[in-house]
Amino acid sequence: MKNFYQDRNIVITGATSGLGRALALRLHHLGAHVAGVARGAAGLASLRHEAPRALTIQADVSRAEEIYPLAGEIQAKLGDVDILFNVASDLGPVPLRLLADTECEDFERALRTNVLGPHRLTRALLAPMLLRGSGLVVNVSSDAAVNAYPRWGAYGASKAAVDHLSRVLDEELKEAGVRCLSVDPGDMRTPMHFAAVPDADPARLRDPAESAERLLELIARNDFSQVRRIL
Ligand SMILES: NC(=O)c1ccc[n+]([C@@H]2O[C@H](COP(=O)([O-])OP(=O)(O)OC[C@H]3O[C@@H](n4cnc5c(N)ncnc54)[C@H](OP(=O)(O)O)[C@@H]3O)[C@@H](O)[C@H]2O)c1
């Protein structure tokens, strides 16, 4: 696995917590050139402390006007991107609510963060991948994309959109050498999980470092058939 990621240029949104941070730390350890993106300055400073070679960029992926400056900074400081992990995500209303009680503004924020932001960032970073004939986009989804869990409607609908968007993009791009996958990392011990399920039993949740490790192994093995559900 070490050789596969060595010197690859890899962008991770949501890189300051949970799965995104675990991916950033592991990839940094494996010798990749990592750019970590999140909104909070403190989280980015902490990531730089743990991964001193990593580039950190403060941006909100839900804001259209921040995506092209973000992509420009990535291109200028990291170079052409080999792998983009779209990990940053929004739960919609917290505490979670029935869909009929969900404000459209909360739904819209989930769609902007979970669907349109990843799509916009993918488009902004795609051209060099197509020119080179290689690249990988990994969109992080959820089992809420396929199971109709009550109160998870805004989040689940946004993740279903990500799944389908990933399938279509993969069909459209794979002949050009660029792959797009959506991945369900399973239930993990992270702030997002506890925001959604405050009384969750931590012992039943996976360490995000384990999910990151498994995902990276499957990608390195080119085992995309198993990547969709990594637990
Ligand atoms: N945890 C689970 O059990 C679970 C289960 C299934 C799927 N997932 C999926 O796995 C992924 C990671 O989840 P997690 O639980 O690891 O999340 P997490 O610990 O809550 O971390 C979320 C990360 O995203 C960043 N972020 C949030 N909104 C952002 C925005 N608009 N722009 C840029 N960065 C933003 C956060 O930093 P800032 O707040 O500083 O921006 C943080 O770094 C998500 O896609 C989630 O849907 C999680």
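Overview of the structure. (Residues numbered from 1 in each chain as written. Predicted model: local features only at pLDDT ≥ 70, side-chain atom pairs only at ≥ 80, totals over all residues.)

### Some points on the nonpolar core
Turning to step 1, where the next piece is worked out: Residues V11, I12, L23, A24, V34 and V37 are the most contacted members of the largest nonpolar core, which totals 48 residues.
Turning to step 2, where the next piece is worked out: The element best represented in this core is helix α2 (residues 18–29), accounting for five residues.
Turning to step 3, where the next piece is worked out: Among residues more than four places away in sequence, those in contact with L23 are I12, F85, V87 and A212. (Core = buried A, V, L, I, M, F, W, Y, C linked by C-beta atoms within 7 Å. Buried ≥ 20, exposed ≤ 12 C-beta atoms within 10 Å, placed from the backbone. Helix = DSSP H or I, 4+ residues; strand = E, 2+ residues; numbered from the N terminus. Contact = placed C-beta atoms within 7 Å.)

### Points about the pairing of strand β1 (residues 9–13)
Turning to step 1, where the next piece is worked out: Judged by how many residues are buried, β1 sits mostly within the fold: five of five residues are covered.
Turning to step 2, where the next piece is worked out: Of the two faces of β1, the one carrying N9, V11 and T13 and the one carrying I10 and I12 are both buried.
Turning to step 3, where the next piece is worked out: Pairing analysis gives five bridges linking β1 to strand β2 (residues 33–38), with the strands arranged parallel. Along β2, the bridge assignment pairs N9 with H33.
Turning to step 4, where the next piece is worked out: For the crossover from β1 across α2 to β2, the handedness is right-handed.
Turning to step 5, where the next piece is worked out: Sheet analysis places β1 next to strand β4 (residues 83–86), joined by four bridges and oriented parallel. Paired with I12 across the bridge in β4 is F85. (Pairing = 2+ DSSP bridges. Right-handed = clockwise from strand over helix to strand, strands pointing away.)

### Description of the packing of helix α4 (residues 64–77) against helix α5 (residues 104–132)
Turning to step 1, where the next piece is worked out: Two numbers describe how α4 lies on α5: the axes approach to 9 Å, and their chain directions differ by 35°. Considering only the axes of α4 and α5, their crossing is right-handed. Here A64, I67, Y68, L70, A71 and I74 of α4 come into contact with α5, specifically with G117, R120, L121, A124 and L125.
Turning to step 2, where the next piece is worked out: Partitioned by chemical class, the residues of the contact of α4 with α5 number nine nonpolar, one polar and one charged. (Axes fitted to C-alpha atoms, helices over the stretch in contact; angles between N-to-C directions. Left-handed = near helix turned anticlockwise from the far one by under 90°. Nonpolar A, V, L, I, M, F, W, Y, C, P; charged D, E, K, R; others polar.)

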